[in-house]
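Breakdown of the fold
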2 protein chains.
Amino acid sequence: MAGPGAGLLRALRGARGRGWGSAAGGWAGLRGRPDKYGGVSVELPQCQPRPRRRERAAFGRWLRASVAQWQEEGRVAVWLHVPILQSGLAAVAASQGFAFHHAESGSATLMRWLGEGPSRLPGYATHQLGVAGAVLDENAGKVLVVQDRNKTVNAWKFPGGLSNPGEDIGDTAVREVFEETGIKSEFKSILSIRQQHQHPGAFGKSDMYIICRLEPSSFNINFCQQECLRCEWMDLDELARTKHATPITSNVAKLLLYGYREGFDKIDITMREFPAVYTGRFYKLYHRELPESYRNMT
Amino acid sequence: MAGPGAGLLRALRGARGRGWGSAAGGWAGLRGRPDKYGGVSVELPQCQPRPRRRERAAFGRWLRASVAQWQEEGRVAVWLHVPILQSGLAAVAASQGFAFHHAESGSATLMRWLGEGPSRLPGYATHQLGVAGAVLDENAGKVLVVQDRNKTVNAWKFPGGLSNPGEDIGDTAVREVFEETGIKSEFKSILSIRQQHQHPGAFGKSDMYIICRLEPSSFNINFCQQECLRCEWMDLDELARTKHATPITSNVAKLLLYGYREGFDKIDITMREFPAVYTGRFYKLYHRELPESYRNMT
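Let me sum up the structure you'll find in this document. Note that the coordinates shown come from a computational prediction; the quantities given were computed from them, not determined experimentally. (Residues numbered from 1 in each chain as written. Chains lettered and ligands numbered in written order. Predicted model: local features only at pLDDT ≥ 70, side-chain atom pairs only at ≥ 80, totals over all residues. Heavy atoms only, no water.)

Overview of the interface of chain A and chain B
- At the junction of the two partners, chain A supplies 88 residues and chain B supplies 88 residues.
- Sorting the residues of chain A by area buried against chain B places Phe100(A), Phe203(A) and Tyr294(A) first, and these three jointly supply 9% of that buried surface.
- Seen at the junction of chain A and chain B, the total is two salt bridges.
- A salt bridge links Lys205(B) to Glu104(A); its shortest N-O distance comes to 3.1 Å.
- For the interface between chain A and chain B, the tally reads 33 residue pairs in polar contact (both at pLDDT 80 or more). (Contact = heavy atoms within 4.5 Å. Buried area = accessible area lost by both parts, 1.4 Å probe. Salt bridge = Lys/Arg side-chain N within 4 Å of Asp/Glu carboxyl O. Polar contact = N/O pair within 3.5 Å; in protein donor to acceptor, adjacent residues only side chain to side chain.)

Here is the structure:
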């Protein structure tokens, strides 16, 4: 009778034209793909049924034999991509010295270092990115501030939140400001960057928090009742002096006031866009304004 | 006879004082821990042996019953922490709608959203951080540059590399410069920040690349032969004009030349340290220099 893992075997047999019955079972047809760093990468096939004990044992034998061969070939690392429904195989690999590198949604990537000395394999993403927007109404000298609904201390802060995957810094600021306050705005510059490690809200990873200077294009507040307790246009001078703000908000308010009075060129970290070496992509570079004479020198 | 999963059952029985034999098997003693966001979190016990089929089935029944109960209690999310050797249980959870949130080393975290509408669960770290150091010898007007050993195009660049987990931006710059070139230096400021998405070397995550201004405290180059093909002190003016540099290096060299000639206050993004709200921790905030009169205003 076909067990829950039979589909996996069929998939392997079908895809690779190899029969269950060789020393390593249906896994024998599976090949590692060498990478340019001297490693080898294996994608385990995506199948609905979960692997049974007999298949896990066969996978274990195949993996042991394959690793021995890769070692002989001088490969320094093995990457194993395991679909979540085949997670039982991750346990088998773990018993042979593999560990998680990362996992996301329906797939985990395990690794094992085969080279000499300690592992030189690169780590995984270490930072989450939060972005806030300091929206300054230059005509009125007022800046948009909020108070969180769910905090015990009522401190004024700039609206903001976590970047979505693949989202540019300025876009996060504009989106978050709109979602929280209903105010539309445009990115002008970066004002400050904070780095903080072992961040409680970041699953122990590091947090980077960037505050941008934004220019409003609408002024009627319609704030998110779920997130905010209060939201208002506050005198920039008042925000710079109030004790009811976090040190970061307070510092950036003073910085903004300095720029507002004496010129934004004193405080701005501006943005330029460049084509990436990878075709069709662009990246954004933020630095102090460079005079034309320097920018065009050759 | 005790199968490979018997230890897991014993561990559960021992730890919770509950026998295998209740409807959900040995899992019945396992309790979820509510979190302050309306979710519930479950740590599966760490045991050496891998769970067998009968235990996976019992776990599946326990999880289904527990989720139903958490749903009834109005919980909006479930987090499941699974040791790598118990990965078979991740597959069971996946068949009930759980997915990977993240995994690292010996443990995976799965999640399932129970609340209304689309998931509001926070994502995992989205960025890796690379830092380079532009070490400027002010007396000689020379800057430290390297060429990678393993690149097809021989472009001059600043030495640098990926931040280690928990490492401050300036510390990465100083460490990487020393490891690659043997030059000792001190952090002065941030000069530029680049953000690039779907970075090939970042497992599809985003890359943030920061260049710092460093001041050398040693001058004899002893470069890493594995990483670098060439390493030298180059006239800053020459680096700013050469075509043999990437756009970023070229731009930052021009920026540095501008600061060198007309004052570093024109280019620097300086650092201040503050105590974090979490006891005993500090964070670093980078922004434009704030005049004393503004800094101390109340």
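What to know about the sheet that holds strand β5 (residues 107-113) of chain A
All names here are of chain A.
- The strand order β1-β2-β3-β5-β4 describes an open sheet built from five strands, whose pairing is mixed. Since the sheet does not close on itself, it has two edges, and those belong to β1 (33-34) and β4 (99-104), each with one partner.
- Bridge count for strand β3 (residues 77-83) against β5 is seven bridges, and the pairing is antiparallel. Within the sheet, the bridge partner assigned to Leu80 lies in β5 and is Leu110. (Pairing = 2+ DSSP bridges. Helix = DSSP H or I, 4+ residues; strand = E, 2+ residues; numbered from the N terminus.)

Concerning the sheet that holds strand β2 (residues 39-43) of chain B
All names here are of chain B.
- Read from one edge to the other, the open sheet built from five strands follows the order β1-β2-β3-β5-β4, with strand pairing classed as mixed. Of all the strands in the sheet, the pair left with one neighbour each is β1 (33-34) and β4 (99-104).
- Relative to β2, β1 is paired through two bridges, and the arrangement is antiparallel. Residue pairing for β2: Arg33 is matched across the bridge by Ser41.

Description of the relation of the copies chain A and chain B
- Once chain A has been moved 0.0 Å along the axis and rotated by 180 degrees, it coincides with chain B to within an RMSD of 0.0 Å. The transformation just described matches what one would write down for a two-fold rotation axis. For chain A, the minimum C-alpha distance to the rotation axis belongs to Gly88(A) and amounts to 1.9 Å.
- When the interface residues of chain A are mapped onto chain B, 100% of them again lie at the interface, so the same face is used by both copies. (Least-squares fit on C-alpha atoms with pLDDT ≥ 70 in both.)

Some words on unusual backbone geometry
Residue and element names in this part refer to chain A.
- In this model, Gln198 sits at a positive phi of 45 degrees, which is unusual for a non-glycine residue.
- Here Gln198 shows up in the loop between β9 (185-196) and β10 (206-216).
- Taking relative accessible area as the criterion, Gln198 reaches 52% and is therefore assigned exposed. (Buried < 20%, exposed > 50% of the residue type's maximum accessible area, 1.4 Å probe, protein only.)

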